Structures are given as structure tokens and as C-alpha cells.
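Summary of the model geometry
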Amino acid sequence: MTRVIIVRHGQSTYNIEKRIQGRTDASSLTAKGKNDASQAGKALSSISFEAIYSSPLQRAKSTAEIIRSQLAAQSPVIQIDENLVEVDLPLWVGMTTSEVQEKFTEDYRTWKERPHKFRMVVNEDSGTREHFPVLALHNQAKQFWQEILPQHQGETILIVGHNGINRALISTALGISPSRYHCLQQSNCGISILNFAGGLGEPVQLESMNQTQHLGETFPSLRPGHQGVRLLLVRHGETEWNRQGKFQGQIDIPLNDNGRNQAAKAAEFLKDVNIDFAVSSTMSRPKETAEIILKYHASLNLELFAGLREISHGLWEGKFESEIEQEFPGELENWRTIPAQVQMPEGENLEQVRKRSVTDWNAIVENSQGQQLQLGLVVAHDATNKTLLCHILGLSNENFWNFRQGNGAVSVIDYPHGSQGYPVLQAMNITGHLSNSVLDKTAAGAL
């Protein structure tokens, strides 16, 4: 496995002024940007890196240098890679966002609503050039992966880049469409982790995305103009069957002591968050997890949704992998490699899980919008959460294994334009409250 840790540069002068940076190098780190880079370095200091790559632009390069200064003494030198440069927006560079909105109203709307269709016609000495910034950025990200991954099989590498290129790196790794460019958030000095089985196109897992707890904030802040709901999607705490690696599915196994402890840590983590409403799967393990979290939010009633319950594994339930392999030879391998094509014997397939969970998820989003509620807690299960994440990012069920969901982990999904607009994955699989590490230390266990 190749572990890739991706960090966005610290706050820059242009960030504060709300100016479009693109590929200009006129912007530099602020005092806060330098301090946050130092905090990111401390958060990564226990990890040993075989390589460090940075964008050539000074806001990223300075961030990489500050991070490296916090790492072990024998850390590798920083390699500058042109493929990590930010999205190219030549006609807008240096302008404030409001100036762009005013001067290029239609173009700006296309940029926000259909980024894959957004184009700039650039006048150059050799004539005019038609430029599609987001499509070009995705190609640039693919090129980076194709060049770098073969060099680092089985190693851990650090990448310091920018908001746009980091989104494109994650998107091309997972197969997320350029049309969803704005559906992933990358905060200044936020940390994301990808685990590659091999090269681009081979299995890859997003272990976590946009962790910002090392910067002293629970979650990334809401974007300006946010109109809809924010949902905190939590996986239930550990059960005894999780610990043993036994398939539980819809058998109603309760939390074990470690699971209650994980739920208590999630409760501490979310203690000061203004939760407006809370929902859970009807099963006891997420229900108890939600109830433990809600001890700091005593005025809230917990609403139960049957559509959020775990996948039915049918005849696999209550069995270890070795027993399943014996009774259903080859099916576990199919489940690991082509999950969308697996029909659980006397159970469900992923499309059935998706239909019922997305129906309830959409109802939760619409209900909250109707009642003008801003922040909701949703506690569910591993397979349910992974299926919902595929839905949120416009991916097929074949992408099921691309997402990690630790017991007691928190993901953050925003609907900035209400239920009709694309959701934004702000952060995924936050587990720092469980282990004081940017790495997910929870035992995966069986579903």
C-alpha cells in the first residue's frame, strides 16, 4: 500500500483579501498561515515520509518547508513538481471574488454550477487559446499520479498543494467527475489521506479528508452564503462482533465497552457543536451511539429511520470470513472487488441499500430545510455510510470500498444551496478524537 498524505497550503495574503490566486506567485503566507503550517507539521511528526512533493508556488513551498521543519531530522528534501501548481485562471487572477462576479457574471455562474463546462478564451502572442481550467487541472492531476505512484510503491509520501489541485488529485484517484469540482472542500492546512493498492486505476481508499482538528477547529467553517443544512454523518461505535471480525448486518448486536467509549469520545468532540436535530438507524448500535452523543444535547429527541439500517448480509450474518469462504467459495473476493454485483444470499445488494438509505437521507435534508434547521446528527453504519458517500459524490456503487468509515468517526456534509443543489463533502472520517492521530486507528472489523 502507498499512503499519500495531502495538505493544502496555509492561509495566504490573497486568501484574506478574497482574491483569485490561480497560478500567480504574488501571494504569500500570513502569520496565521505560517502558524497553521507548523501545527500541521506537528500533527504529521510521528509519520515517516519517504518523499515530500510541493507545488512551486511560494505559498505551498513555504508551507512544505515549515511542515518539514517539524518532522524527523532525516526527512527527505522537498521535491518541486510543476503538476502540483494551482488551477489556471488567467483572466481572473488578482481580482476579488466579488469583482469577478460583477464583471464576469455568466462565466462565474458556469464556474460554480458547471465547472467542467467552464472555459476561458485567452489572448496570447500566438493567437487566442480556448482553455477549460477544471478539465486541464484533472489531466494535470492524472499526470502527477501516473508519474509519481510507480516510484513509491509501499511508501508514505507527503504532498503540499492548493485547494484546486488537491481536489483534482482526490477526484482523479476516486473517479469523481470534474462536474463535482466544488463538492470537495480543502481548508488551509487541512489534511487528507489516500491509500493506493498500486497505480492510478487500481483500488484506492480515501482514509480521511480535510481534517482540521490540529488547527483548533472541530470542523471546516461554513462557506459564505451557505443556505442549507449541515449533516454530521457518524458510524456507530464498536461491537463485539466488529472486534472479532464477524459479519453482523441486520443482527442487532449492541455496542461493547470500547464502542461506548468511542461514542463518549465522539460526544466530547461534538459537545460544543449546536446540533438542531438528531436521527439514527433503528438498530441498537447506532441508536445507543446517538444517545451517548446527545447527553450534551439533552433537549433533542432522537428520530429513528429504518432506511438507514445496515445492509442485510443474509446467510453471511453471524459468520467469520473463513466460514463464508467455505460455504460460498469466491463470493467474499467478489464482495471485495466487485461489490455492486454481489447479491447477499437471502439478503440485500448495494443498490437496495442505496435506494432505501438515500430515500431517508433526502427526506432528512428536505425536512430540515422546511423547518430551517441548520445542523443535524445522523448515526448509521459502515455499509450505509459508504453507500451514502457514493451518492453524495455522484459515484456508482462500485466505488463502495473507496471510503473508510471508522467506528465513532465523523463526516461532514453541507448542502450550501439547499436540497436541490449539489452537496459538499467538507470532511470525511474524522477519527482524531478517538486516537489523537491524523491516521484512523480504529479496527475496521466486519460490516
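These figures come from a predicted structure and were not determined experimentally.

For a regular strand, side-chain orientation follows a simple rule: the groups alternate between the two sheet faces. Burial analysis of strand β10 (residues 277–281) places 5 of its 5 residues in the buried class, which makes it a mostly covered element. For β10 and strand β12 (residues 375–380), the ladder comprises 4 bridges, and the chain directions are parallel. Along β12, the bridge assignment pairs Ala278 with Leu377. Across 4 bridges, β10 lies against strand β11 (residues 302–305) in parallel orientation. Within β11, the residue paired with Val279 across the bridge is Glu303.

For helix α3 (residues 58–70), spanning 13 residues, the distance from its first C-alpha to its last is 18 Å, which sits close to the expected 18 Å at 1.5 Å a residue. Residues of α3 that are buried include every one of Arg59, Ala60, Thr63, Ala64 and Ile67, and no others. Mapping the buried residues of α3 onto a view down its axis gives an arc of 130°, with all of them on the same face. Tucked into the core, α3 has its buried residues touching β1 (2–8), α2 (31–43), β2 (51–54), β3 (78–80) and β6 (156–161).

The next thing to look at is the packing of aromatic side chains. Summed over the entire model, instances satisfying the criterion amount to 15 aromatic pairs. Pairing Phe144 with Trp145 gives two aromatic rings, centres 5.6 Å apart and planes at 65°, and the pair type is edge-to-face. Classification of Phe144 as buried rests on a relative accessible area of 0%. Pairing Phe400 with Trp401 gives two aromatic rings, centres 4.9 Å apart and planes at 80°, and the pair type is edge-to-face. A network of ring pairs unites the aromatic residues Trp92, Phe104, Tyr108, Trp111, Phe118 and Tyr181 as a single cluster. Its guanidinium or amino end placed over the ring of Tyr181, Arg167 lies 4.7 Å from that ring's centre, counting from NZ or CZ.

The rules behind the values
- Residues numbered from 1 in each chain as written.
- Predicted model: local features only at pLDDT ≥ 70, side-chain atom pairs only at ≥ 80, totals over all residues.
- Heavy atoms only, no water.
- Buried < 20%, exposed > 50% of the residue type's maximum accessible area, 1.4 Å probe, protein only.
- Helix = DSSP H or I, 4+ residues; strand = E, 2+ residues; numbered from the N terminus.
- Pairing = 2+ DSSP bridges.
- Expected span 1.5 Å × (residues − 1).
- Arc of directions from axis to C-beta.
- Contact = heavy atoms within 4.5 Å.
- Phe/Tyr/Trp six-rings, centres within 6.5 Å; stacked < 30°, edge-to-face > 60°.
- Lys NZ or Arg CZ within 6 Å of the ring centre and 35° of its normal.

As far as function goes, none of this settles anything; it's purely spatial.
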